[in-house]
Each structure stands twice: as structure tokens, then as C-alpha cells.
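Results of the structural survey
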Amino acid sequence: MDKLPIYSPPVDRLRPRRNRLTLTLTLCCLSAAAFLLSLSQLAFLGGPSVQLPLHAEQILQKCQMLHAKPGPPPNFHQRTQSDRFAEGTRATLIRNASIWTGDDEISQGDILLDKGIIKFLGHASPDMFSEFKDLVTLDVGGSWVTPGIVDLHSHLGVDSAPALNGADDTNSLKGPVLPWLRSLDGLNTHDDAYRLSISGGVTTANVLPGSANAIGGQAFVIKLRPTAERSPSSMLLEPPYTLNGTHVDPTLPPRWRQMKHACGENPSRVYGNTRMDTFWAFRQAYDTARQLKEQQDAYCTRALAGEWENLGEFPDNLQWEALVDVLRGRVKIHTHCYEAVDLDDFVRLTNEFQFPIAAFHHAHETYLVPGTLKQAYGNTPAAAMFATNARYKREAYRGSEFAPRILADNGIDVVMKSDHPVLNSRFLLYEAQQAHMYGLQANLALAAVTSTPARIMGQDHRIGFVREGYDADLVVWDSHPLALGATPQQVWIDGIPQLSEPAVSYKPVSFQQVPRTPNFDLEAAAAIKYEGLPPLMPKKAKDLVVFMNISSMFMADGIGGVMNVVEGGESVVVVKKGVMQCWGIATNCANQFPPEDAEWIDLEGGSVAPGLISYGSPLGLEEIQGEKSTHDGNVFDPLIGSVPSILAESEPIKAADGLQFSGRDALLAYRAGVTVGITAPSSNGLIAGLSTAFSTGAAHRLQDGAVIQDVAALHVQIGHSNKGPSVSTQIAALRNILLGNQSGSRFAEAAEGTIPLVVQVQNADIIASLIELKKEVKASTGTDIQLTIAGAAEAHLLAKELGEAGVGVIVTPSRPFPNDWESKRILPGPPLTKESAITTLLAHGVTVGVGIVEQWSARSTRFDIAWAALESDDKISKEQALALASVNLEKLLGVKPCGRLCDMVVTRGGTVLDLEAKVVGVVSPRRGLVDLI
């Protein structure tokens, strides 16, 4: 039976054998019964009369258990069947696996899954399991197997995909302190993301309430697989025994509970409070819980002493009982907390009221104050983090990619989490891969998404490890799990395979090894020295630079593609004042330079490639998403409000007028090989305006080469909105713009095909209408629009039609997610589908580029295009991958080909597409220099 009961004792509890703790708990109950019997005997023999309250035995049992600590039953690992076992599940033998167990590795081992648990781990003889008649045997040929991915911080099922008002159950706004609320009560079993997250290897998630409140409510740990019952309760891993009014079994320890707290900007913004107000709310709440706890303790002291006279009812309060349990050390507290002031406040709170914290979440400044964390009451909290997602609000501004490494070096547990759907938890492993790239040890990086979060939430007795007796939650990967693009070949939850027909892409043999990590020692030290804001401007090299030991060199081929002009051997590239003079064998270039005047740089088998382009975010127009004073702002929308008369007859807004240089996200992108940003004005309406192309490494607008192209394309966006006009109204307005503007205007240029018309749109039906509109304009005017679709979550459904119409597509983001109803019909790619949106569009002759949504992710563009190639099963070459974020975007966004003036990115230890490579320089002919990074 698949249903998970509220209380399900282990099978072995039915046996007469008892271990010490079980015996102790049983004796406590027997002693309570004996105590009651002695009182009744005393009254019978003429002693003082004792008026026992109703349910006296239950009261005594409750008092006996008041200080019991959570944990598994002592005989848990002797179970022969999981409490989550689904009848009919066949036993599975996984052979020849490279196993990462959660703490160490076993090469070429075998694993038996049966009755929902791991029954055997080691080397099995051919006939060891001959008694299983329906045994499924899977030889994985040395592929890596890990525990299932565990997400410590998720809103899966309460912040649902697609986002709809009817399924928005993340936060309550009824007050800053709400410990009585439960995420389980809003868990949507129809969330489209369950299937996607499972396909990324995620098997368990801690579903937290949101962070609008200081105390947002209780969280619940779920397994992601669909159950036969299909109810939220049946998804729970270990529900508290008291859930739904069931009683505590006095012979078993209680189960861990989880609770969400939040400090800093979120509760302040929601309630208009300051940090002082929020922490007073915390102290007031905990003082209420402390008083109730003390009343309970005093009550039980009297009850256990037999002082029943005038004792009354056990003091309890349904609203505060969970917070009392916090003070009793029976709740794992997960605290949304970013910066030093909040971390320090919360550590003081724990010591004032004497309760431990499981983890600080987001925790962007924890790496700057590890000593503060170590002062917390009871234990040092873990830090649950993003890898590179930062600077989206002030308290995240000092976030560093080196934080996981620095925290681990200080002995603090590191967890990588998704905050799903902030980050799609399908790619939670990618967070561990990036943390490893920036210096976190390989075993700690893998543990950060498996065994460490399991331990932090109190579930490491059954998940997070590949061990005999543990839940049969496993993933077999197509490459080493820390290799970029690692994808499940199969996922088991409770021993049940979750992928019916997994699509597996070919991966290079080298991807079966732990990736090498570049040396970021200096950068990590600078992050601490400068309190999270190290200088990012690069160093200018000598006028003459020789890059040695190059394994490959890619450059634009002049006809819209990318070619490899140097491959193999120990080649060199000679650069003078930012212009490449010679490349190839060193002896052929020897006469191009006097050796003593050159700056020699050994790339150790590195590469030179075209500078990458970032598009889709407000990069260059916005520094901190949550701070309006750092934005260019939004343009006026003529469809929903009046436009000031001074703008009514003007040309579209130009993004170039609002550019901000030397922003941290732009400079981090530059240091990661993104040398050009193409940005359109920010808009919530139909007309955005004219995009611009700029150098991400320039110090200011007036610097040579800072603005690469003042105007690139005309941008509009069309979609459904609760507040905006209808889609048909928006298309009608666009039709009038294209057919009714006078010659010479920017709108007319878009209609004539002189500049591209870029439409931000996700939905296939709207895209179809735009294809028809393109034909209509051509029939009416004889001109052909250069139409580019951006966003394009559902564009793959019209790949053939887009190719025939000559419409280009910028897939944004490159790995899709059904954020809203307009993006619901995504093509997810491996392992769920053989093809991705990118490969499907390319196969139909569509020019494809990739984009991003938020500017912090511009730095990861090189990994986005590499990932697209890795999951393409060799359909996308390295040259084509580079084109996705360079020459293709130039064409789609109206940026003139740069030719010999193109920026080039220099990497050490591999190509710009390799996780193991480090960007060490940018060759910029436009600015006449070489920047060293």
C-alpha cells in the first residue's frame, strides 16, 4: 500500500525483542502506571484521598516525554522494509557502479534495492540474489551513483509552477509571527516542477514557508515521487507523530520538526518595519513560548510528584506549541538571514532563549563572520547558500562565489540549496559544481546537496547516504556528478525508478573524472580582505603580449559562424595594442616581436575564443534589483497610462542614455568572458525601446569602445497580464506601429527591416500570430521585418514555421522552466526528452541565441552554451556553441559584425566552455589593449 500513515512503527517493533532505549521508554510508561496504582492503593488503605484527573495516565506519559529528544527508533536500521514501500515494487540490482556513498567512494560496486531500502552494498557474486524471481538487474558500466539530491530550502508545491493566483501558498501576510502555520496545508500535488526536479536527481525537499514573516510557519520534508494516494500527506518523509491529532507513541522518540524564520529586508519590506521591530517580534514570541514552557515544566513537576490537588489541565496552546518545541530542542530552525547585523542579532536571540539553529539560509555574509556563527547556542549552524546568485538586493550585495570554500575552511557545514523556484531545483547539482569550481573540496561539494542537508534536517539516519538499511533513493549519472551538465540516467525514490524512458546524451570520457579546479586563492583572499567587495577592474598588460601553450583558437569566420583556426600543438598568439598580429607555431611568429619587450603568459593548454555577449537582463541599467535608486527605471507604457506630452511624439527610449558602467555584475561577467552586453530599456508594457551594445569592462561611457553600438534593435513585449490590455490589443497596436509610421523613424526602420524587431514572448500561440503579422506587413509594404523572438519558452512547437519564415530565436533562459501559463509547454531536454528547444530550432534552420533573465547570471553564459552542447548528443559543436552567445546574437539583435575588432577571451587550462578553465585575459582591439584578469 503506497499511502504513508501518520504513524507507522518499524516492522521490527512487532517483535518481542527490545533494545535499551525502547526498554527505557517502556519502563517510564510502566512506572507511570505503577505510580497511579500506588496512589489508588494508598487511598484504599485509609491514606489521604487523591482525586486523580481524567486522563491522568496520558498526562503522566506526556510529562515523561516532555524532554525526550527527536531521533530514529534505536532499531531503525534493522528494519526489513521501508514505511514508504509501495507494494509491487520489484527488487533492483545495480551492477558495476562507481559509488559515492555520501562520505567516501567505492569503485565498481553493486547495490541491491528491495522493499524500499538498500539491502546490499559491495561486490555481489553472480548467484547471490538468485532467490529473487523478478529481480531487475541493471549494469551501469562504471557510471557514477550517488544518494538522491536533497534540497534543504525549497518552496516546491507551495510556490507552484506554473505560477497562478489559485496556487500561491508560499506566504501568509496575517502578521510577522505565525509559528502555527504549516506548509503542508498548502502543498500542491499538481505542481509541474515535481517531474522536472526529479529529472535532475532531486529526491527529497524541505518545503519551507516563504520569508515574508519573522516566523513564517512550519516546514515539511517530502519525497518528490507521485504516490498512489496522490495526497500531500502521502509524500511526507517522517511526519511528526502529532500530525492530524494522532498521539505520541510513548515507546518511541519524537520525530524532528522543521520551522522557517526570516530576518532582514523581507519582513521589513512586507510590514514596513525596521530590523529593530522584527527582532522585538522575535523576542516577544519567544518570551511567550518560554512562559508556556515554564508553566508546562512546573505542571509536570507537580504531576510527577503526585501533587494532583488543584493541578487542573495541562497548560497548552495550539498556536504556540510548535515554538515551545523549539525551546525544547525538537525543531530544526531554518533562518533566512543574509548579513552580519542580522546574523549577530539572531545568534544573540538563540543565546537569550537557549535554542539551536539548524542553518542560516542564503547567508551571503556568513563567510565574513564565521566566528559569529560559532557563538550560536548549542551548535554551529550550517550555511545554506547559492553558488553565484547575489547582488539582487542590498543585503545580498557582498555575496561571494568563494563563500562555500571559505566557510568550509572555517569548519562550518555548507549546504547548496535552490530556494525553488528562485532557482530551478532540477539543477541544484549545478550549484555544487560551481562551488567546487570556486574551491570547495569535491567531497564537500557533493555532500552539500546530499548527506549534509540530510544531517542538518535530522534525516541522515535514512537519506543522504548510500548505505545498507537506508532509503533506496539513488541517482545514476551519465558523467561525474561534479562535471558540467551531469544528467541522471535513472533516479530511484523508495526503490521505484522515476524515469520511464530516459534520454541519455553522449559525454566525453574525461567527464567521468572529478574536474580540476582553477586556482582562485588570491580572489578568495581578496573577498575577505575587502569584505565582499574586492576590486574587479582588470589590470592592463604591456602593449606587446605573447600567449603561449595554446591548444585551440576560435574566431568569427566572416560569414556568420565561428571556426577553429588553431588546434593542437604548442601554439602562440602575439598581440600588439589589442590587435592580434600572429598566431600558430611559435617559430612562425618569432619575427613579429622582440622577446625582451613582450609580456609572456603561459596558458597551460588554454584557448582563445570570441568574447561572449549577454542579452536578456537589465545588465548595465541596474545595479541592485531591490533598490530603485540603482535602476534606470521603467519606460512609460502608452497602452495603460498617459505618456507625458514631452515624450508623446518622440522616438523610442534609448537604453544607451541610461547606461551605468563599472557595475559589479558587469565586471564579473567581463572576468568570465562576457565582453559585450546588449541591453534594452526596462519595461512592463508593450514598447520597451531601443537596445544598445556596450563593453562590460569599460570604466565609463566616454572611454574608447565603451559604447559599441548606440542603437541595435527595437524591442517590444507581448503577453498576458492581469493589469494590462489583451494580447489582441497589443498585437493590434504593434500592427498599427509597423504599418502607420512615417519613413525615417525608428519604428519605420523596424517595419522596413533596417533594424531588427525583437519581441519578448513565451507563448506559441502569440508567436504564431507574430509570424502571421510578419507576412501581413510584407504583403502590405513589400518589406520584410527582421523578426527575432526572445524568451521563446514554447518556440520549439513552431520550429518548422519559424525556420520557413526566417524568424530568429533567443532562448531565455537557455534551460527552460514553466514559470507561468505562457511558458507551460516547454521542451525540457535530457533525460526527459531527447531533443532540447535549442537542438530542435537549430534542426529547422532557425538562427538561435541564448539569453539570461537576471544580470547576476551573465557571468555563467559560457556554461550555459557549453551545457547546450553537452546535452545535444554531439548535434552542437564547440563552434556552434560559441556562436549561440556571440555571432548569432549579433545577427539577431542588429549589432554590426565586428570582424577584426572582435574582443577575444583568453583562458588557462582549457577552453571558455570548460568548467576547469579560468579566464585570464581579454584582448580588445576596439579599446586597443589587453586586460589581464
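The paragraphs below set out a description of the structure included in this document. Since the structure is predicted, the reported quantities are computational estimates derived from the model, not experimental observations. Counting restarts for each chain: residues are numbered from 1 in the order of the written sequence. Local features in a predicted model are, by the rule used here, given only for residues with pLDDT of at least 70; side-chain atom pairs are given and counted only at 80 or more, and totals for whole chains, interfaces and linings are based on all residues. Each side-chain value is derived from all of the structure's non-hydrogen atoms; neither hydrogens nor water enter the calculation.

**Topic: the state of the cysteines**
Short version of the rule: Pairs of cysteine sulfur atoms within 2.5 Å are what we label disulfides. The cut-offs for exposure are 20% and 50% of the maximum accessible area for each residue type, with area from a 1.4 Å probe on protein chains only; residues under the lower value are buried, those over the upper are exposed, and the others partly exposed.
The full count for this structure, using the stated rule, is four disulfides. The side chain of Cys898 participates in a disulfide bridge whose partner is Cys902; the two sulfur atoms lie 1.7 Å from each other. The sign of the 85 degrees torsion about the S-S bond sets the Cys898-Cys902 disulfide as right-handed. Pair check on accessibility: Cys898 and Cys902 agree, each one buried. Look at the protein and number its bonded cysteines as they come in the sequence; the links are 1-3, 2-4, 5-6, 7-8.

**Some words on the side chain of Ser823**
Applied cut-off: Secondary structure is summarised from DSSP: a helix means a run of H or I of at least four residues, a strand means a run of E of at least two, and numbering begins at the N terminus for each. By the criterion applied in these results, polar contacts are pairs of N or O atoms within 3.5 Å in which, for protein atoms, one can donate a hydrogen and the other can accept it, and in which residues neighboring in sequence qualify only through two side-chain atoms. Should any heavy atoms of two residues lie within 4.5 Å, those residues are considered in contact.
With respect to the helices and strands, Ser823 occurs in the loop between β30 (808-811) and α21 (837-843). By relative accessible area, Ser823 is classed as buried at 3%. A distance of 2.8 Å separates a polar atom in the side chain of Ser823 from a polar atom in the side chain of Asp820. Among all residues touching Ser823, those that are not within four sequence positions of it are Gln762, Ala793, Glu794, Phe817 and Pro818.

**Brief notes about empty space enclosed by the protein**
Operational definition: Site definitions follow a grid-based scheme: protein atoms alone, a 1 Å grid, a 1.4 Å probe that fits but cannot get out for cavities, and for pockets an open set with protein on both sides within 12 Å along at least five of seven lines, plus lining residues having an atom within 4 Å of a point. Grid points are joined across faces, edges and corners, and a volume is the space filled by probe spheres set on the points. Nonpolar residues are Ala, Val, Leu, Ile, Met, Phe, Trp, Tyr, Cys and Pro. Charged residues are Asp, Glu, Lys and Arg, and all others, Gly as well, are polar.
Applying the stated criterion to the full structure yields 10 cavities of 30 Å³ or more. Taken as a whole, the largest cavity holds about 130 Å³ of empty space. Looking at the largest cavity, it is lined by 15 residues, and the ones nearest its centre are Gly200, Arg426, Phe427, Ala486 and Trp867. Among the elements that line the lining of the largest cavity, the one with the most residues is helix α10 (residues 428-437), at three residues. Along the lines of polarity and charge, the residues of the lining of the largest cavity split into nine nonpolar, four polar and two charged.

**Regarding helix α5 (residues 275-304)**
For clarity, the cut-off: One less than the residue count of a helix, multiplied by 1.5 Å, gives the span that helix is expected to have.
Helix length check: α5, at 30 residues, gives a terminal C-alpha distance of 43 Å against a target of 44 Å (1.5 Å per residue), a fit within 8%. Taken from the residues just after α5, Gly306 is the one with a positive phi, measuring 85 degrees.

**Digging into the sheet that holds strand β26 (residues 707-709)**
We count it as follows: Note on pairing: DSSP must find at least two bridges between two strands before they are called paired. Between N-to-C directions, angles cover 0 to 180 degrees, with each direction set by a line fitted to C-alpha atoms, over the stretch in contact for helices.
If you walk across this open sheet you meet the four strands as β22-β23-β25-β26, and the pairing is mixed. Strands with a single pairing partner mark the edges of an open sheet, and in this sheet they are β22 (612-615) and β26. Across the sheet, the axes of successive neighbouring strands diverge by a mean angle of 30 degrees, strand direction being ignored. Sheet topology places strand β25 (residues 692-695) next to β26; two bridges connect them, and they run antiparallel. Bridge pairing in β26 links Ala693 to Gln709.

**A few points about the pattern of salt bridges**
If the charged atoms of two oppositely charged side chains come close together, the side chains can form a pair. Our working definition: Each salt bridge in this description consists of a side-chain nitrogen of Lys or Arg and a carboxyl oxygen of Asp or Glu lying within 4 Å of one another.
Summed over all chains, the structure comprises 53 salt bridges. Salt-bridge contacts for Asp710 lead to Arg701; the nearest nitrogen and oxygen are separated by 3.8 Å. On the accessibility criterion, Asp710 (30% relative accessible area) is partly exposed. We note a salt bridge from Arg825 to Asp765, for which the minimum N-O separation is 3.3 Å. Taken together, the residues Arg825 in the loop between β30 and α21 and Asp765 in helix α19 (residues 764-781) connect sequence positions 60 residues apart. What makes Arg825 partly exposed here is its relative accessible area of 38%. Salt bridges here are not isolated pairs; linked through shared partners, they connect Arg79, Asp83, Arg84, Lys223, Arg225, Glu238, Arg462, Asp471, Asp473 and Asp494.

**Here we look at the packing of aromatic side chains**
Rule in force here: A pair of aromatic rings is counted whenever rings of Phe, Tyr or Trp (Trp by its six-membered ring) have centres within 6.5 Å, and the orientation is called stacked for planes under 30 degrees apart, edge-to-face for over 60 and tilted otherwise. We call a charge positioned over a ring when the NZ of a Lys or the CZ of an Arg lies within 6 Å of the ring centre and within 35 degrees of the ring normal.
Counted by the stated rule, this structure contains 19 aromatic pairs. Measuring from ring centre to ring centre gives 5.3 Å for Phe282 and Phe346, while their planes differ by 90 degrees; the resulting arrangement is edge-to-face. Here the residue Phe282 occupies a position in helix α5, and Phe346 occupies one in helix α7 (residues 340-353), the gap between them amounting to 64 residues. The pair formed by Phe282 and Phe346 is uniform in burial state, with each residue classed as buried. Taken together, a centroid distance of 5.2 Å and an interplanar angle of 50 degrees make the contact between Tyr438 and Phe520 tilted. A residue pair is termed long-range when its members are at least 10 positions apart, and Tyr438 in the loop between α10 and α11 (442-447) and Phe520 in the loop between β16 (496-497) and α13 (521-529) qualify at 82 residues. The two residues Tyr438 and Phe520 agree in class, both being buried. Through a chain of ring-to-ring contacts, the aromatic side chains of Phe279, Phe282, Tyr286, Phe346, Phe353, Phe355 and Phe360 assemble into a single cluster. The cationic tip of Arg467 hangs over the ring face of Phe465; the distance from NZ or CZ to the ring centre is 3.8 Å. The ring of Tyr430 carries the charged tip of Arg815 above its face, separated from the ring centre by 5.3 Å.

**Points about the pairing of strand β28 (residues 757-761)**
Put simply, the rule is: When the strands point away from the viewer, a crossover counts as right-handed if the path from the first strand over the helix to the second runs clockwise.
Of all five residues in β28, four are buried, a share of seventy percent or more. Where strand β27 (residues 714-717) meets β28, four bridges bridge the pair, whose relative direction is parallel. Across the sheet, the residue bridging to His715 is Val758, located in β28. Inspection of the sheet shows β28 paired to strand β29 (residues 787-791) by five bridges, in the parallel sense. When the sheet's bridge partners are listed, Gln760 is paired in β29 with Ala790. Note on the crossover from β28 through α19 to β29: the handedness is right-handed.

**With respect to α19**
The α-helix advances 3.6 residues per turn, and as a result positions three or four apart in sequence lie on the same side. The test is simple: Note: the arc covers the axis-to-C-beta directions of the helix.
Its 18 residues place the ends of α19 26 Å apart at the C-alpha level, agreeing with the 26 Å of an ideal helix rising 1.5 Å per residue. Along α19, the residues classified as buried are Ala764, Ile766, Ile767, Leu770, Ile771, Leu773, Lys774 and Val777. For α19, the angular spread of buried residues about the axis comes to 165 degrees, placing them on one side. Residues of α19 that are exposed and point more than 90 degrees away from the buried face comprise Asp765, Ala779 and Ser780. The inward-facing, buried residues of α19 contact α17 (727-740), α18 (746-752), β28, β29 and α20 (799-805). One side-chain oxygen of the residue at the start of α19 lies 2.9 Å from the amide nitrogen of Asp765, identifying that residue as Asn763. Phi for Gly782, located one or two positions after α19, is positive at around 80 degrees.

**Focus: the sheet that holds strand β8 (residues 215-223)**
For sheets, the rule is that strands pair by backbone hydrogen bonds, running either parallel or antiparallel. One open sheet accounts for eight strands, arranged β6-β7-β8-β9-β10-β11-β12-β13; its pairing is mixed. Either end of the sheet is taken by a strand with one partner, and the two such strands are β6 (149-154) and β13 (414-416). The average undirected angle you get between the axes of adjacent strands in this sheet is 25 degrees. The sheet contact formed by β8 and strand β9 (residues 257-262) spans four bridges and is antiparallel. Note that in β9 the partner of Ala219 across the bridge is Gln258. Against the sheet, α5 contacts β8, β9 and β10 (331-337), and its axis sits at roughly 150 degrees relative to β9.

Just geometry here; none of it tells us what the structure is for.
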